[in-house]
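The primary structure of each chain is shown beneath.
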Amino acid sequence: MSPVASTARALRHVIVPGPRDASPREPALRDPSVRDLQRRALLRDTGRPDAVAERLRRGRGAQTNETGRYERITREAFEEDRLHDEEERALALATEVVEERARTIIARNQSPDIGFDYSINPYRGCEHGCFYCYARPSHAHHGLSPGLDFETKLFAKPDAAALLERELAAKSYVAKPIALGANTDPYQPVERRYRITRSVLEVLSKRSHPVGIVTKSHLVTRDVDILGPMAERGLAKVAISLTTLDPVLARRMEPRAATPARRLDAIKRLTDEGIPVTVLVAPIVPAINDHEIERILEAAHAAGAREAGYVLLRLPDELKGLARDWLIEHYPDRLERVLSLVRQTRGGKEYDATWGVRQTGTGAYAWMIGRRFETAARRLGLNATRTRLRTDLFEPPDTARRRAAEDQLSLFA
């Protein structure tokens, strides 16, 4: 038996039963010292670093800020660090945005199991703070931590619209649907100030270029004035990620994202404007939210969604440790259960990056999740039809200018 398993088994005996109305899946720990005992024991056995003080990371998803894997020097917190001025340390966890002067904006995808060839990411890093975000490891390429740095040190691309206009004008450009926010959420909180996503949509609308958006933010409804007319021409659709219907669990999993109720409201508002919406049950975390699959699909269908998809929890690179941190913080008694189920879906490992199976996993548990999802979707009539975006309406900038000139000359005919 692994040290983690033995520790988890021993700690079951110190769980204090919750009140009568408490969920049987989540025993209440009335004594904070009991939960702290669990955390400390599991941290010791897993070798994970101590969490940053809760008062300093309030509203954040990651528990630690472990050094990125490419750095030659590793940072560790010492006891004297915790004695520094609390206000000064809290400032270190405030959101910082660096304006990035990118040279290009359209990214090309070469993964055969991803349903798009082009994508645009207006931001690097994401303030939503989802512990499970598969984009977190990318922050290590910038010398930053995939932990708290990922959700506090952001990069914005204010020139995105101008770059897009230039790239669409290239003679070699072939119009294909662009995925907006395939890596990080294009409607994360900083979009309210920067409005980069909206400026990109304005360019795409002007050029009659198809776009698919993935978000978990209610802010997407701000842009229905652009998305509605685009959808009428078959140029736009939106996917809303809905991980749970439990607001408490949602706050733990995605601390700065919209509540489940707000996401359902976003689905309704978008579909009321004629914008096709897909609901994404993503990710499905074993023993955490897997019991909600049917209820999520039912709620999303009632709100107006007519397509659906799911993704099983993925743990590439640093996410393995970050997921452990999150479980130790919130569900220490389920740590070994969750990781055991994850390994069952990944051929005995905690992650398998093989194309074609990395999104859904393999094995009996993964098969069961797939069949439950398909059965519920079929019963509700989800995925009966698929929205295919049009590419034949695209007008590159030079074509638009030539047409405008022809229209001017026709005045003299």
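Okay, the sheet that holds strand E5 (residues 153-156) next. Read from one edge to the other, the open sheet built from three strands follows the order E1-E5-E4, with strand pairing classed as mixed. Across the chains shown, the open sheet's two edge strands, defined by having one partner strand only, are strand E1 (96-99) and strand E4 (123-124). As defined by bridge partners, E1 adjoins E5 across four bridges and the pair is classed as parallel. Residue pairing for E5: Glu96 is matched across the bridge by Lys153.

Moving on, we come to the packing of aromatic side chains. Within this structure, the stated rule accounts for six aromatic pairs. A centroid spacing of 5.7 Å and a plane angle of 65° characterise the contact between Tyr173 and Phe394, whose relative ring orientation is edge-to-face. Of this pair, Tyr173 sits in the loop between helix H5 (160-168) and strand E6 (178-180) while Phe394 is found in the loop between helix H14 (363-380) and helix H15 (397-409), placing the two residues 221 residues apart along the sequence. Considered together, Tyr173 and Phe394 belong to a single accessibility category, that of buried residues. One aromatic cluster is present, built from ring pairs that chain together Phe131, Tyr132, Trp326 and Tyr331. Residue placement shows Arg108 over the ring face of Tyr118; its charged tip is 4.9 Å from the ring centre. It is Arg314 that lies over the ring of Tyr134; its NZ or CZ is 5.0 Å from the centre.

So, about the pattern of salt bridges. Taken as a whole and judged by the stated rule, the model has 27 salt bridges. The closest approach of N and O atoms between Glu374 and Arg371, which form a salt bridge, is 2.8 Å. Of the two residues, Glu374 and Arg371 are both situated in helix H14; the distance of three residues between them amounts to about one turn of the helix. Residue classification places Glu374 among the partly exposed residues on the basis of a relative accessible area of 37%. The exposure class of Arg371 is partly exposed, given its relative accessible area of 28%. Here Asp392 makes a salt bridge to Arg390, at a shortest N to O gap of 2.7 Å. A residue is classified by how much of its surface remains accessible, and Asp392, at 54% relative accessible area, is exposed. Within this structure, Glu191, Arg198, Glu202, Arg222, Asp223 and Asp225 form a network of salt bridges that share partners.

In spatial order, the strands read E2-E3-E6-E7-E8-E9-E10; together these seven strands make up an open sheet with mixed pairing. Across the chains shown, the open sheet's two edge strands, defined by having one partner strand only, are strand E2 (107-108) and strand E10 (307-312). Where strand E9 (residues 277-284) lies against E10, five bridges are found, and the strand directions are parallel. If you follow Val281 over to E10, its bridge partner there is Tyr310. Here helix H8 (residues 224-232) sits on the sheet and contacts strand E7 (211-215) and strand E8 (236-241); the angle it forms with E8, its principal contact strand, is near 120°.

In this section: the pairing of E10. When a strand is regular, its side chains alternate between the sheet's two faces. In terms of residue burial, E10 counts as a mostly covered element, since five of its six residues are buried. Each parallel crossover has a hand, and the one from E9 via helix H11 (residues 293-303) to E10 is right-handed.

Below, the discussion takes up H8. Buried within H8 are the following residues: Ile226, Leu227, Gly228, Met230 and Ala231. At the C-terminal side of H8, Gly234 shows a positive phi close to 75°.

Here we come to the packing of helix H13 (residues 335-345) against H14. Packing of H13 against H14 leaves a shortest axis separation of 6 Å and a crossing angle of 90°. Here H14 runs roughly perpendicular to H13, going by the angle between their axes. Residue-level contacts link Leu341, Gln344 and Thr345 of H13 to Gly363, Tyr365 and Ala366 of H14. Of the residues in the contact of H13 with H14, the class split is three nonpolar, three polar and no charged.

Below, the discussion takes up the side chain of Lys216. Its place among the elements puts Lys216 in the loop between E7 and H8. In this structure, Lys216 is buried with no salt-bridge partner, the nearest side chain bearing the opposite charge being Glu254 at 4.6 Å. Within the structure, Lys216 has its side chain in polar contact with the side chain of Tyr132 (distance 3.5 Å). For Lys216, the residues in contact, after removing those within four places along its chain, are His128, Cys130, Tyr132, Asp185, Ser241, Glu254, Ala257, Ala258 and Arg263.

Rules used throughout
- Residues numbered from 1 in each chain as written.
- Predicted model: local features only at pLDDT ≥ 70, side-chain atom pairs only at ≥ 80, totals over all residues.
- Heavy atoms only, no water.
- Pairing = 2+ DSSP bridges.
- Helix = DSSP H or I, 4+ residues; strand = E, 2+ residues; numbered from the N terminus.
- Phe/Tyr/Trp six-rings, centres within 6.5 Å; stacked < 30°, edge-to-face > 60°.
- Buried < 20%, exposed > 50% of the residue type's maximum accessible area, 1.4 Å probe, protein only.
- Lys NZ or Arg CZ within 6 Å of the ring centre and 35° of its normal.
- Salt bridge = Lys/Arg side-chain N within 4 Å of Asp/Glu carboxyl O.
- Contact = heavy atoms within 4.5 Å.
- Axes fitted to C-alpha atoms, helices over the stretch in contact; angles between N-to-C directions.
- Right-handed = clockwise from strand over helix to strand, strands pointing away.
- Parallel < 35°, antiparallel > 145°, perpendicular 65-115°, else oblique.
- Nonpolar A, V, L, I, M, F, W, Y, C, P; charged D, E, K, R; others polar.
- Lys, Arg positive; Asp, Glu negative; His and termini not counted.
- Polar contact = N/O pair within 3.5 Å; in protein donor to acceptor, adjacent residues only side chain to side chain.

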